[in-house]
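Observations on the model geometry
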Number of protein chains: 2
Amino acid sequence: MGYLEELLVKEGLSLVGKRVSRPDALDKVLGRPLFTADKLTRGMLWAKIVRSKYPHAIIKRIDKGKALGVPGVLTVLTAEDIPGENQIGYAIPDQPLLAMDKVRFVGEPVAVVVAENEEAAEKGAELVEIEYESLPAVFDPLEALKPVAPRIHESGNIATTTIIRKGDVEKGFREADVIVENTYKTQRQEHAYLETETVIAVPEINKVTILACMQSPWLIRRMVAKVLGYKQSKVRVIELPAGGAFGGKDDMIPMIAPIAALAAVKTGKPVFLMFKRDETFEASNKRHPSIIRYKSGATKDGKLVAVEIEIIYETGAYANRGPFVLWRATAHAAGPYEVPNVKVDGKLVYTNRVFSGSFRGFGDPQIHFAAESQMDELAAKLGMDPVEFRLKNILKPGLTTTCGQVVDQSVGVEEALRKLAEKINWEKRKREIEEYNRESKRKLKGIGVACAYHGISTSRGAPDWSAAAVIINEDGTITYKGGICRLGQGSLIGHAKIVAEILGVPLSYIQIEGPDTDAIPEARPTHGSRGLMTGGTAAADAASKLRRNIVRVASEMLECKTEDIEIKDALIYVKPDPSRNIPFSEAAKELYVRGYETAAYGFYRAPKRFFDPKTGLGVAYGVYVYIVNIAEVEVDTWTGQVKVERVHTAADVGKAIDPDLIEQQFHGAIAQGLGLTLTEDIVFSDGKILNNNYTDYVIPTVKDRVEVPTVVLVEQPYKGAAFGAKGVAEAALIPTPPAITNAIRHATGIRFKELPVTPEKVYFALKKRRGEKS
Amino acid sequence: MGYLEELLVKEGLSLVGKRVSRPDALDKVLGRPLFTADKLTRGMLWAKIVRSKYPHAIIKRIDKGKALGVPGVLTVLTAEDIPGENQIGYAIPDQPLLAMDKVRFVGEPVAVVVAENEEAAEKGAELVEIEYESLPAVFDPLEALKPVAPRIHESGNIATTTIIRKGDVEKGFREADVIVENTYKTQRQEHAYLETETVIAVPEINKVTILACMQSPWLIRRMVAKVLGYKQSKVRVIELPAGGAFGGKDDMIPMIAPIAALAAVKTGKPVFLMFKRDETFEASNKRHPSIIRYKSGATKDGKLVAVEIEIIYETGAYANRGPFVLWRATAHAAGPYEVPNVKVDGKLVYTNRVFSGSFRGFGDPQIHFAAESQMDELAAKLGMDPVEFRLKNILKPGLTTTCGQVVDQSVGVEEALRKLAEKINWEKRKREIEEYNRESKRKLKGIGVACAYHGISTSRGAPDWSAAAVIINEDGTITYKGGICRLGQGSLIGHAKIVAEILGVPLSYIQIEGPDTDAIPEARPTHGSRGLMTGGTAAADAASKLRRNIVRVASEMLECKTEDIEIKDALIYVKPDPSRNIPFSEAAKELYVRGYETAAYGFYRAPKRFFDPKTGLGVAYGVYVYIVNIAEVEVDTWTGQVKVERVHTAADVGKAIDPDLIEQQFHGAIAQGLGLTLTEDIVFSDGKILNNNYTDYVIPTVKDRVEVPTVVLVEQPYKGAAFGAKGVAEAALIPTPPAITNAIRHATGIRFKELPVTPEKVYFALKKRRGEKS
């Protein structure tokens, strides 16, 4: 990949690395972009899903009669109407599109009513009569693991397991001077996107087109094709911008697009399907709740010698992405540190609750909450400063990760931690806070640090690739068609900057378009923080191919050697004599006239990774993003209220294509991490969610916005990606919970091992410590 | 272009050359395809054009007041509302989108009413008050050429001129033993597509998308961008299948899409614009009426020595494509014969009638009507058989065309003429007919031959290229995205056969999709019989690139040399041991997994052509299609009715990708040629069309279907195109009129020099010949 090396050594960049205000910012503020629901036109049919009211039950009978009698209802579809496979399981074929024999959670789709309008669809859905035979249900993963527990799937209640066996933990613990062992618990989290899951399916001749907010166009295509019994070429998926996704739409749209497609194909009419907010709460994937037993040992001079970890991730009724979420947590279990002896055992456990799945961080926030809490507890026991202790163990080039992978490049976590600690004057700040606390009566302040790492893109040795397309139009403007979805993260703006940089034109020359499975080959999903790295590299590949053509045609036009051609600001000139020049647009036109290729597909190819299932060791990811958060909190000891005053953050991003876009990701990720740490939790009663709305499910609002006054961007370029850039979309969320709970520990001396750390928990914990009864 | 040579020598083809029934045939018969009007949804606005009622007038004042008062009318747009350039002239910037200062024909667009529904739009259009000052108008090109004629454009009434000066015609005529000189006239012809001009414009953020039936997506993009003042990347054009086009939609959609786009951008809502049938008649381009003075000379042994030709093509109010139509007629003026001395003078003349433009044959039917009538008249004067006389002069490799181009390959006109004459037993048939006529009282039969040639694609040394895209999906199905439009001609089916042939899969593996300017680079328009040759070659280029990848990945999987890989019927095997094989779908999946490129753009590059404007000499076209028609007629001498009993046809097509598709083109072209010869004519009164409907404008119906019992396909491959295939969409129309009039001449002895040859004309001509007064 010669062009990638060329990009790395390039100096005097015009766009890459610069802060460019988002071209779509004003439009978004003005509410101008069209989301999927805006594409609803009169004449489209409405689909409404009929859902299980039972957490675990056998379906005895479905009677469509009354529903079909509702004026405007055209059809009611059930499992028996599916022409292809009734199967939407991602990792394991355990999940039907529409429940066939039994239901496994409250909210599971059983039937679909298709009607001329919303009212008729809803009325019809109420009137579909389903006779159930209730089965005993299990709602707790520890209960589910007991031999007497109700069997949710025929194979049992463990969906998958993972292991890591690195070194010899028993020997490691024998060498340890201090050992800390704790059990940590994290809760379900809701993605809370503004826009709920929305799909439009348009039937054509022997074909169906899906328009939706999404993260995984080609997975949607595969699922729709499978359910309809179509070839992939007979399903077209067009991505529309999403009003938030955070992993939720990666899992959900492939699960509901086939429902809309089925309704469209059966009725011959376009079908609109949109979740109401309560459906999103009750029937969409959540962050995996976890129970993590974590034992860590270190020598008295502060070297980690062993960790032994048992991970239980609750996957709910279906495995969905769980096996991969659990694997990622397993592969990152020791945190961004060199630990010579690691033992991890992971279990993915079924319960009769809504299934878990992809969510920003993808298993890493839970495991880092445990790992980074442990680091502070070890430091405390050793009487060491948390930063100092971390620096003694932090990953550096040549050292190995949890699963034994030698990290050899773009390992900037030490630099990130050192620079951030220095920039905020960690030692001094810590002392100031401790001084303040000695004086303070009611409010206690604290400062906490946490580090994290996160493998970019997919793992387990699974194949990985990406694709994009660039067209140079005849007037010199450029159409960029990405394979990466527009979730609001601005990834494609990064790609466009890369294309503009390589072709030597201003960003305004680039028209950004999202994926369309008829127009570009599979680019794999927009998840795993891979959008910029893999999509941007594919964009760079396409742009580099076209740059060669532009340079060739310009050298003909300017009658000079190709090596003498330079392009800057849409002007092409001869380096030794810049007065000899032509506008980019003229060269573009000549590309056509002289028969050069005017468009190119670009591809990203992942480096080889591998995975030994016996030991869990291997090369898990091509590269990792590293991130450090330092949180400052104030705890109101009278109310238990925790206020996160600010979070400082530093990351090795490889190369910042746009610092603004990165900081926006940090702000959002920290806010989402704040909710996970302090307020968010799904409350069930008999498998039914009680807080299926934003009155009862508490997410941070704009008033809770956390200041992020310090951002340090470390740039240790990754040679496998365009300009060396890695991904950061998920990163800043991961260390946010432990940075906050470490700060609370600093403020109060109390270790909170269970999320969320609500005012009640803090209040009662403080009371308990004072020796009062709760 | 190594791959093109490879395709030429390939033997044992699976699909190319075979008759494959059209995959879309049944759907079309069942009315299932969705045309533009089918995409009209409630909520779209209607646009209605307010048209000039004057043939020539100054616009004094436009009052929108009353129209704006109509409930449902949202806006009335005129020239002053155009943000970009008010200019849609194709060859010459002489034509406004909306008339500004004056109008030049009845039907010219002056304003556009945009309303919530059709009724309001029509009502509003009636109420736009336009005050005109009438100017003297001119309706006849010969009148328009007089110095005293009203000036239609400031530059005068001649839009362009053409010349050819080959050899020395005066010397040529001195060598001639016989000379024939006649003046021929042809009329306006309406395209008569089932579907009238229809456009949908959808506004997006800083962008507009056009959906329409069309022939020239990128020209539409350019025109919309120009009128709106947008960059090309801000206009997306998506082709929808057309219900007939025949050149009409090549010119018209670029002229009306900007109107719909303007309305959409001004209102912020999707706009639907559809011509009613009377608008298509009155305001859409027509075949150029012609007046051709043709002088030909030959030696007594039957060698053509000179032709001198004056061509007048009436372009109506605007030049539109006229300069190129006239040029094509000029470049083909001597017919498919070697004539050493040629002098041509062409004039494109303005009148105050609806503008002329592209129409199947693009100027060649008119000139061949003259040229081939002359050939028969010369043969008669020489006492030679028309076939024999033609064979003495016919083009062969190494000889030169009208404009001095040496034709060196794929020159199968001699073979076509010999084989067709032989197959229908020309001599015998002629004698039989003459015998019949001696006996017949009322009905006279005749047989006539005509040859033609037609340069493929564009000329005048203009740049020419095409593009296409092929994606191999992960399940082995293939998405083919053409740059060529679906006019009903099946061109993309031909491309798909080429792609399937090259990749070794059945045709059913290929999903055919039409152009989208956001998905493929400019492929230039679908005209000039270039769809199969240029688009198919671009498809072959893309498919060949991907075949190399498939072969490579298969050789890795099958552990053999790439040279040993063969692909047939979606099975990939090792030639020396076919038991070692894998399905195509597995190799497709591995393309992705192993990081091969899974999609490719393909390009067609035209050979160099040039044109000397001083002499008109040069290399006009890369290659020509050659065609021979033999018509058999029966003339009812009592009524003047001419019945065309059958037309035999032969053509050198280079290579028949699908003989069925070619024959379908022949049938359609001969029917359209029949209308041109016998019935069709636009009748005006003071510049207003009187027969703006199919009651008064007579086209052949299914009852007038001409039998085409003999089709001879000559295959002299053209090395510049995939499999050697040339285009045939227009060909069979061109020699149809002279074949029929030559047959009428054979039947009656009367030379009809003016089209259409209506029963009235025949009746009165027969009467006159008998010495009776009319």
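1. Points about the overall build of chain A
- Each helix and strand counted, chain A has 20 helices and 30 strands in total.
- Taking 2.2 N^0.38 as the reference for a compact globule, 774 residues should give roughly 28 Å; the C-alpha atoms of chain A span a radius of gyration of 27 Å, in line with that estimate.
- Principal-axis analysis of the C-alpha atoms gives chain A an extent of 85 × 70 × 50 Å.
- By residue count, 65% of the 774 residues in chain A fall in the buried class.
- Across chain A, every contact between residues at least 6 apart in sequence was considered, and the portion connecting residues at least 24 apart equals 80%.

2. So, the interface of chain B and chain A
- Chain B puts 48 residues into the contact, and the matching count from chain A is 48 residues.
- Counting across the chain B and chain A interface gives 8 salt bridges.
- Note that Glu597(B) and Arg605(A) form a salt bridge whose closest N and O atoms lie 3.3 Å from each other.
- Applying the counting criterion to the chain B and chain A interface returns 20 residue pairs in polar contact (both at pLDDT 80 or more).
- Of all the secondary-structure elements, those providing two or more residues to the side of chain B that touches chain A are α7 (217-228), β17 (465-472), β18 (478-482), β19 (510-513), α16 (531-558), α17 (584-593) and β23 (599-605) of chain B.
- Across the side of chain B that touches chain A, the residue classes break down as 16 nonpolar, 12 polar and 20 charged.

3. As for the sheet that holds strand β22 (residues 577-583) of chain B
Residue and element names in this part refer to chain B.
- Strand order in this open sheet of 3 strands is β20-β21-β22, and the pairing throughout is antiparallel. Because the sheet does not close on itself, it has two edges, and the strands there are β20 (565-568) and β22. Taking each pair of neighbouring strands and ignoring which way they run, the sheet shows an average axis angle of 30°.
- Against the sheet, α17 contacts β20, β21 (571-574) and β22, and its axis sits at roughly 60° relative to β22.

4. Examining the relation of the copies chain B and chain A
- The operation relating chain B to chain A is a screw motion whose rotation component is 179°, with 0.1 Å of axial translation and a residual RMSD of 0.1 Å. Taken together, the rotation angle and the small translation identify this as a two-fold axis.
- Comparing contact sets, 100% of the residues at the interface of chain B also lie at the interface in chain A, consistent with an isologous, same-surface contact.

5. Brief notes about helix α10 (residues 322-331) of chain B
All names here are of chain B.
- A large share of α10 lies buried, amounting to 9 of its 10 residues.
- Among the residues making up α10, those that are buried are Gly322, Pro323, Val325, Leu326, Trp327, Arg328, Ala329, Thr330 and Ala331.
- Buried residues along α10 sit against β7 (158-166), β14 (304-316), β15 (341-350), α11 (364-382), β16 (443-455) and β24 (610-611).

6. Overview of the pairing of strand β18 (residues 478-482) of chain A
All names here are of chain A.
- For β18, a buried count of 5 out of 5 residues is recorded, marking the element as mostly surrounded by other parts of the structure.
- Residues Ile478, Tyr480 and Gly482 point to one face of β18 and Thr479 and Lys481 to the other, with burial holding for every one of them.
- As paired strands, strand β17 (residues 465-472) and β18 are joined by 5 bridges and run antiparallel to one another. Within β18, the position partnered with Val470 by the bridge is Tyr480.
- From the end of β17 to the start of β18, which pair antiparallel, there are 5 residues, and Gly476 there has a positive phi angle of about 90°.

7. Digging into the packing of helix α7 (residues 217-228) of chain A against helix α8 (residues 248-267) of chain A
Residues and elements named next belong to chain A.
- Two elements in contact, α7 and α8, have axes whose closest approach is 8 Å; the angle formed by their N-to-C orientations is 40°. As far as their axial angle goes, α8 and α7 are oblique. Judged by the twist between their axes, the crossing of α7 over α8 is right-handed. Residues Leu219, Ile220, Met223, Val224, Val227 and Leu228 of α7 form the contact with α8, whose participating residues are Asp250, Ile253, Pro254, Ala257, Pro258, Ala261, Leu262 and Val265.
- Here the contact of α7 with α8 is composed, by residue class, of 13 nonpolar, no polar and 1 charged.

8. Considering the sheet that holds strand β26 (residues 624-636) of chain A
All names here are of chain A.
- Taken in spatial order, the 4 strands make up an open sheet running β16-β26-β27-β30, and their pairing is mixed. Unpaired on one side and paired on the other, β16 (443-455) and β30 (711-714) mark the two borders of the sheet. Averaged over neighbouring strand pairs, the angle between their axes works out to 15° when direction is ignored.
- Note that β16 and β26 share 13 bridges and pair antiparallel.

9. Brief notes about the pairing of β26(A)
Residues and elements named next belong to chain A.
- In terms of residue burial, β26 counts as a mostly covered element, since 13 of its 13 residues are buried.
- A two-sided burial pattern is seen for β26, the buried positions comprising Tyr624, Tyr626, Val628, Ile630, Glu632, Glu634 and Asp636 on one face and Val625, Ile627, Asn629, Ala631, Val633 and Val635 on the other.
- The pairing of β26 with strand β27 (residues 642-652) spans 10 bridges and is antiparallel. Note on β27: the bridge partner recorded for Asn629 is Thr649.
- Two successive antiparallel strands, β26 and β27, enclose a turn made up of 5 residues, where Gly640 displays a positive phi of approximately 80°.

10. Some remarks on unusual backbone geometry
- Looking along the chain, the bond that leaves Leu755(A) and enters Pro756(A) is cis, with omega of -5°.
- The phi torsion at Ala570(A) lies on the positive side, around 65°, for a residue other than glycine.
- Ala570(A) sits in the buried class, given a relative accessible area of 8%.
- The phi dihedral of Asp569(B) is positive, around 55°, even though this residue is not glycine.
- Along the chain, the position of Asp569(B) falls in the loop between β20 and β21.

11. A short note on the packing of α16(B) against α17(B)
All names here are of chain B.
- Relative orientation of the contacting elements α16 and α17 amounts to 100°, with a least axis distance of 9 Å. By the angle between their axes, α16 is roughly perpendicular relative to α17. Each of Asn549, Ile550, Val553 and Met557 in α16 lies in contact with α17, whose residues at this interface are Phe584, Glu586, Ala587, Ala588, Glu590 and Leu591.

12. Overview of the domain arrangement of chain A
Residues and elements named next belong to chain A.
- Domain boundaries in chain A define domain 1 (3-33 + 465-605), domain 2 (36-135 + 197-274) and domain 3 (290-459 + 612-773).
- Interface of domain 2 and domain 3: buried area, both sides summed, is about 1,700 Å²; carbon and sulfur atoms make up 57% of it.
- Among the residues of domain 2 in contact with domain 3, Tyr90, Phe105 and Phe246 are the three that bury the most area, contributing 32% of the side total.
- Taken together, domain 2 and domain 3 are joined by 2 salt bridges.
- Arg321 is the partner of Asp251 in a salt bridge, and the nearest nitrogen-oxygen pair spans 3.3 Å.
- Summed over the shared surface of domain 2 and domain 3, the result is 12 residue pairs in polar contact (both at pLDDT 80 or more).
- Considering every element that reaches the side of domain 2 that touches domain 3, the biggest residue donor is α8, with 5 residues.

13. A short note on the packing of aromatic side chains
- Enumeration according to the criterion identifies 33 aromatic pairs over all chains in this entry.
- When the ring of Tyr624(B) is compared with that of Tyr626(B), the centres are 6.4 Å apart and the planes differ by 40°; the resulting orientation is tilted. Like Tyr624(B), the residue Tyr626(B) is buried in the burial classification.
- Feature note: the residues Tyr453(A), Tyr621(A), Tyr624(A) and Tyr626(A) constitute an aromatic cluster, connected by ring pairs.

14. Thoughts on the pattern of salt bridges
Residues and elements named next belong to chain A.
- According to the stated counting rule, one finds 129 salt bridges over all chains in the structure shown.
- For the salt bridge of Glu143 with Lys146, the shortest nitrogen-to-oxygen distance reads 2.9 Å.
- Here the salt bridges do not stand alone but share partners, grouping Lys48, Arg51, Glu118, Glu122, Lys276 and Glu279 into one network.

15. Examining the side chain of His454(A)
Residue and element names in this part refer to chain A.
- Take His454: it is sitting in strand β16.
- A distance of 3.2 Å separates polar atoms of two side chains, one belonging to His454 and the other to Arg328.
- Beyond its immediate sequence surroundings of up to four residues, His454 is in contact with Arg328, His332, Gly361, Asp364, Ser529, Val623, Tyr624, Val625, Glu730 and Ile734.

16. Some details on the confidence of the model for chain A
- Of all residues in chain A, 99% attain a pLDDT of 70 or more, and the chain-wide mean is 96.
- The ipTM for the predicted assembly is 0.95, set against a pTM of 0.96.

17. Observations regarding the environment of Thr162(B)
All names here are of chain B.
- For Thr162, the location among the structural elements is in strand β7.
- By relative accessible area, which is 5% here, Thr162 ends up buried.
- On a C-alpha basis, the gap between Thr162 and Pro323 in space is 8.4 Å, while along the polypeptide they are 161 residues apart.
- The residues contacting Thr162, other than those within four sequence positions of it, are Leu326, Trp327, Thr330, Val344, Asp345, Gly346 and Arg460.

18. Considerations on the environment of Glu377(B)
Residue and element names in this part refer to chain B.
- Looking at the secondary structure, you find Glu377 in helix α11.
- For Glu377, a relative accessible area of 13% corresponds to the buried category.
- Along the sequence, Glu377 and Arg751 sit 374 residues apart, while their C-alpha atoms lie 8.5 Å from each other.
- For Glu377, the contacting residues outside a window of four places in its chain are Val180, Asn182, Arg745 and Arg751.

Conventions we followed
- Residues numbered from 1 in each chain as written.
- Chains lettered and ligands numbered in written order.
- Predicted model: local features only at pLDDT ≥ 70, side-chain atom pairs only at ≥ 80, totals over all residues.
- Heavy atoms only, no water.
- Helix = DSSP H or I, 4+ residues; strand = E, 2+ residues; numbered from the N terminus.
- Rg over C-alpha atoms; globule rule 2.2 N^0.38 Å.
- Buried < 20%, exposed > 50% of the residue type's maximum accessible area, 1.4 Å probe, protein only.
- Contact = heavy atoms within 4.5 Å.
- Salt bridge = Lys/Arg side-chain N within 4 Å of Asp/Glu carboxyl O.
- Polar contact = N/O pair within 3.5 Å; in protein donor to acceptor, adjacent residues only side chain to side chain.
- Nonpolar A, V, L, I, M, F, W, Y, C, P; charged D, E, K, R; others polar.
- Pairing = 2+ DSSP bridges.
- Axes fitted to C-alpha atoms, helices over the stretch in contact; angles between N-to-C directions.
- Least-squares fit on C-alpha atoms with pLDDT ≥ 70 in both.
- Parallel < 35°, antiparallel > 145°, perpendicular 65-115°, else oblique.
- Left-handed = near helix turned anticlockwise from the far one by under 90°.
- Domains from an automatic or database assignment.
- Buried area = accessible area lost by both parts, 1.4 Å probe.
- Phe/Tyr/Trp six-rings, centres within 6.5 Å; stacked < 30°, edge-to-face > 60°.
- pLDDT = per-residue confidence, 0-100.

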